[in-house]
Protein chains: 2
Amino acid sequence: MESVIIVAGGSGTRMGASTPKQFLLLNGKPILMHTIEQFYAYNQQISIVLVLPKNQFSNWESLCEEHCFKIKHTTVAGGDARFFSVKNGLDSISGSGLVAIHDGVRPLVSLETISRCFTAAAQKGNAIPVIKPVESVRLQTDNNQSQSINRDHVWLVQTPQVFSTELIKRCYQTPFSPLFTDDASVAEHNGITINLVEGNRENIKITTPMDMAFASAIKV
Amino acid sequence: MESVIIVAGGSGTRMGASTPKQFLLLNGKPILMHTIEQFYAYNQQISIVLVLPKNQFSNWESLCEEHCFKIKHTTVAGGDARFFSVKNGLDSISGSGLVAIHDGVRPLVSLETISRCFTAAAQKGNAIPVIKPVESVRLQTDNNQSQSINRDHVWLVQTPQVFSTELIKRCYQTPFSPLFTDDASVAEHNGITINLVEGNRENIKITTPMDMAFASAIKV
């Protein structure tokens, strides 16, 4: 069984809009609907869990009605941090199989990326999509300065991050740490080796008006 | 005295176009002209050196005529790698002062970023613009696996990279290494401590059609 938890627990203040960013319209439709549609397009049988701030449930319902959005999904309340939102999502899933955890504001994930993650995770227990940075990269050094590092050894991490459901549920029993910026870091903290697959470069996290302009330009 | 070397030595094959990417039209005008205009807007007295592949000199001249492009600059032939292109540019500059080295395909650099780099370099001998990654970051480990690192300790490097002219000319006497992905890494190889200032997020390097769509969407 394949599931996806779409995490949209944020209040999205960086967009400078009062609407949470996952609800902003991308080519006439809330970002979040584009995101859900990608997973539905990948597998029409996938079980979809949407994690939203509790106070946005009725807003989301109205939006679904307004946009005639019919893709079946269950809605779960988010927590104070991404970690807790994911945990709530995981708690709502039972049984074995694979679960993808995906940022609600990444509507530009390609079907190929989703497929690569699920395929590799089926073989190895987990897989996350990564890309190489285009830029040179520097790392902070102990003396509070910085040093150039070989960018061939650096990956920028995207979502969906796909895991054996049982495995990731177990990992999320660990206490919260602010260093958990994604699900891979939670799993790794529990001794799991993470498998990398190729992401797609346009699979950005939409967090600023600039990102929105980009997404509008390339999302048909 | 302030100078800028605008490096546009590449053949730009990644755009899937036969035109080198620095000549592709961004809102009706070659990318490179937008880039040069930003430095001219920052300081109308700045000395501008443009590094181009030798076989593109006449093409560039025609483009300047066609687009009535009048900003004064000198043109220098590029080398086989970015390192040699920059070196050729530096060889064409004499005297003291500060020199910015900037990628020709970064037309979205803000005047504030340029100004921050020159101001800090005037005080400290060099400065380069950086941004924090939005994504989680992983580093390759010795056993050919990867490990999550604290992204607060990671910077993605942009241009312009600004240096005391005498200093960077001396650094570029070092033999070429493929690990030199930017000017800071060349300076650092010569024992120089690099100073970081804030870049601007939209200051991307245009290398793919997707980047071009982004730039078109936000460049007025």
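About the cut-offs
Residues numbered from 1 in each chain as written. Chains lettered and ligands numbered in written order. Predicted model: local features only at pLDDT ≥ 70, side-chain atom pairs only at ≥ 80, totals over all residues. Heavy atoms only, no water. Least-squares fit on C-alpha atoms with pLDDT ≥ 70 in both. Contact = heavy atoms within 4.5 Å. Axes fitted to C-alpha atoms, helices over the stretch in contact; angles between N-to-C directions. Helix = DSSP H or I, 4+ residues; strand = E, 2+ residues; numbered from the N terminus. Parallel < 35°, antiparallel > 145°, perpendicular 65-115°, else oblique. Buried < 20%, exposed > 50% of the residue type's maximum accessible area, 1.4 Å probe, protein only. Pairing = 2+ DSSP bridges. Buried area = accessible area lost by both parts, 1.4 Å probe. Salt bridge = Lys/Arg side-chain N within 4 Å of Asp/Glu carboxyl O. Polar contact = N/O pair within 3.5 Å; in protein donor to acceptor, adjacent residues only side chain to side chain. Nonpolar A, V, L, I, M, F, W, Y, C, P; charged D, E, K, R; others polar. Phe/Tyr/Trp six-rings, centres within 6.5 Å; stacked < 30°, edge-to-face > 60°. Left-handed = near helix turned anticlockwise from the far one by under 90°.

A. Examining the relation of the copies chain B and chain A more closely. Each copy superposes on the other: chain B lies on chain A with an RMSD of 0.0 Å after a rotation of 180° and an axial shift of 0.0 Å. Here the copies are linked by what is in effect a two-fold axis. When C-alpha positions in chain B are compared against the rotation axis, the closest is assigned to B:Phe214, at 2.3 Å. Here 100% of the contact residues of chain B are again contact residues in chain A; the copies associate through an equivalent surface.

B. Looking closely at the packing of helix 1 (residues 31–42) of chain A against helix 2 (residues 57–66) of chain A. All names here are of chain A. Put simply, helix 1 and helix 2 touch, their axes get as near as 11 Å, and they point 70° apart. Of the possible angle classes, the one that applies to helix 1 and helix 2 is roughly perpendicular. For the pair formed by helix 1 and helix 2, the contact residues are Leu32, Met33 and Ile36 on the first element and Trp60, Leu63 and Cys64 on the second.

C. Inspection of the pairing of strand 1 (residues 2–7) of chain A at higher detail. Residue and element names in this part refer to chain A. Counting buried positions along strand 1 gives five out of six residues, so the element sits mostly inside the fold. Taken together, the six bridges between strand 1 and strand 6 (residues 98–103) define a ladder with parallel strand orientation. Residue pairing for strand 6: Ser3 is matched across the bridge by Val99.

D. Structural view of the interface of chain B and chain A. Contact with chain B, which involves 41 residues of that partner, is made by 41 residues of chain A. Counting the surface lost from both chain B and chain A, the interface buries some 3600 Å², and carbon and sulfur atoms represent 61% of this. Counting the surface chain B buries against chain A, the share from its top three residues, B:Glu135, B:Arg138 and B:Met210, is 19%. Applying the counting rule to chain B against chain A returns four salt bridges. Here B:Arg106 ties to A:Glu135 by a salt bridge, and the two come within 2.7 Å at their closest N and O atoms. For the pair chain B and chain A, the number of links is 14 residue pairs in polar contact (both at pLDDT 80 or more). Looking at the side of chain B that touches chain A, its residues break down into 19 nonpolar, 12 polar and 10 charged. Pairing between strand 10 (residues 154–157) of chain A and strand 8 (residues 136–140) of chain B: four bridges, direction antiparallel.

E. Focus on the environment of A:Ala217. Looking at the secondary structure, you find A:Ala217 in helix 7 (residues 209–218). Overall, the relative accessible area of 41% leaves A:Ala217 in the partly exposed class. When the C-alpha atoms of A:Ala217 and A:Gly199 are compared, they prove to be 20 Å apart, with 18 residues separating the residues in sequence. Every residue in contact with A:Ala217, bar those within four places of it in the chain, is listed here: B:Ala213 and B:Ala217.

F. Seen up close, unusual backbone geometry. A cis amide bond, omega 15°, links A:Thr159 with the succeeding residue A:Pro160. One non-glycine residue, A:Cys68, adopts positive backbone phi at about 50°. Turning to its location among the elements, A:Cys68 is positioned in the loop between helix 2 and strand 5 (74–77). The phi dihedral of B:Asn27 is positive, around 45°, even though this residue is not glycine. Counting through the fold element by element, B:Asn27 comes out in the loop between strand 2 (25–26) and strand 3 (29–30). Among the residues examined, B:Asn27 registers a relative accessible area of 44% and is labelled partly exposed.

G. View of the packing of aromatic side chains. Considering all chains together, one arrives at 17 aromatic pairs over all chains under this definition. Here B:Phe23 and B:Trp60 contribute two aromatic rings whose centre-to-centre distance is 5.9 Å and whose plane-to-plane angle is 15°, an arrangement assigned as stacked. Of this pair, B:Phe23 sits in the loop between strand 1 (2–7) and strand 2 while B:Trp60 sits in helix 2 (residues 57–66); the two residues are 37 residues apart in sequence, bridging distant segments of the chain. In textbook terms, an aromatic cluster arises when at least three aromatic residues are bridged by ring pairs, as seen for A:Phe83, A:Phe84, A:Tyr172, A:Phe176 and A:Phe180.

H. Layout of the packing of helix 1 of chain A against helix 4 (residues 111–124) of chain A. Residues and elements named next belong to chain A. For the pair helix 1 and helix 4, interaxial distance at closest approach is 10 Å and the crossing angle is 60°. Taken as axis vectors, helix 1 and helix 4 run oblique relative to one another. The hand of the helix 1/helix 4 crossing is right-handed. For the pair helix 1 and helix 4, contact is made by Gln38, Phe39, Ala41 and Tyr42 and by Leu111, Ile114, Ser115 and Phe118, respectively. When grouped by side-chain class, the residues that make up the contact of helix 1 with helix 4 number six nonpolar, two polar and no charged.

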